[in-house]
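Summary of the model geometry
One letter stands for each residue in the lines below.
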Amino acid sequence: MNWIDINERVPKTYLPVLIFTESEIQAVAILFRKKNKTRKVNKFMTMIGGDGKERMIEDVTHWMKLPKDPV
């Protein structure tokens, strides 16, 4: 699988994907909103770290589909 540039295509809303950000965070996340009232915004929600808190991430540069589950 290859990384997809967020400027070329965004994932389907609520589809879990791997993300890569400007700060080099890699995580599983979902896109939950494509637009706000004034501009187009790609916001992803993910859980990072061991505290179990959800994080909002906006600086996503690339994404890819999750690999198939192991058999």
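Fair warning: this is a prediction, and the values are worked out from it, not measured in the lab.

Turning our attention to the overall build of the protein chain. Regarding its fold elements, the protein chain presents zero helices and six strands. For the protein chain, the sequential pattern of α-helices and β-strands runs β-β-β-β-β-β. By residue count, 28% of the 71 residues in the protein chain fall in the buried class. Long-range pairs, those at least 24 residues apart, make up 42% of the contacts in the protein chain with a sequence separation of at least 6. Carbon and sulfur atoms form 51% of the exposed surface of the protein chain, whose accessible area is close to 5500 Å².

Averaged over every residue, the pLDDT of the protein chain is 79; the share at 70 or more is 79%. Within the protein chain, no element has a lower average pLDDT than strand β3 (residues 26–35), which sits at 72, and none a higher one than strand β1 (residues 4–5), at 94.

This part takes up the nonpolar core. With 11 residues, the main nonpolar core is built from I4, I6, V17, I19, A27, A29, L31, F44, I57, V60 and W63. Within the residue set of this core, elements represented by two or more residues are β2 (17–21), β3 and β6 (60–65). Tallying contributions element by element places β3 first for this core, with three residues. If we skip the residues at most four places from it in the chain, I4 touches R9, T61, H62 and W63.

A separate point is the pairing of β2. In β2, alternate side chains face the same way, and those of V17, I19 and T21 are buried while those of L18 and F20 on the opposite face are not. Two strands pair when backbone bridges link them, and β2 and β6 are joined in this way by five bridges, in the antiparallel orientation. In the sheet register, L18 faces β6, and the bridge partner there is M64.

Moving on, we get to the environment of S23. In this structure, S23 sits in the loop between β2 and β3. Separated by 36 residues in sequence, S23 and D59 place their C-alpha atoms 7.8 Å apart. Reaching out from S23, the side chain makes a polar contact with the side chain of T21 at a distance of 3.0 Å.

Note that T21 resides in strand β2. According to the relative accessible area criterion, T21 is buried, its value standing at 1%. Ignoring sequence-local partners within four residues, the contact set of T21 consists of I57, D59, V60 and T61.

The rules behind each value
- Residues numbered from 1 in each chain as written.
- Predicted model: local features only at pLDDT ≥ 70, side-chain atom pairs only at ≥ 80, totals over all residues.
- Heavy atoms only, no water.
- Helix = DSSP H or I, 4+ residues; strand = E, 2+ residues; numbered from the N terminus.
- Buried < 20%, exposed > 50% of the residue type's maximum accessible area, 1.4 Å probe, protein only.
- Contact = heavy atoms within 4.5 Å.
- Areas by Shrake-Rupley, 256 points an atom, 1.4 Å probe, with all protein chains shown as cover.
- pLDDT = per-residue confidence, 0-100.
- Core = buried A, V, L, I, M, F, W, Y, C linked by side-chain atoms within 4.5 Å.
- Pairing = 2+ DSSP bridges.
- Polar contact = N/O pair within 3.5 Å; in protein donor to acceptor, adjacent residues only side chain to side chain.

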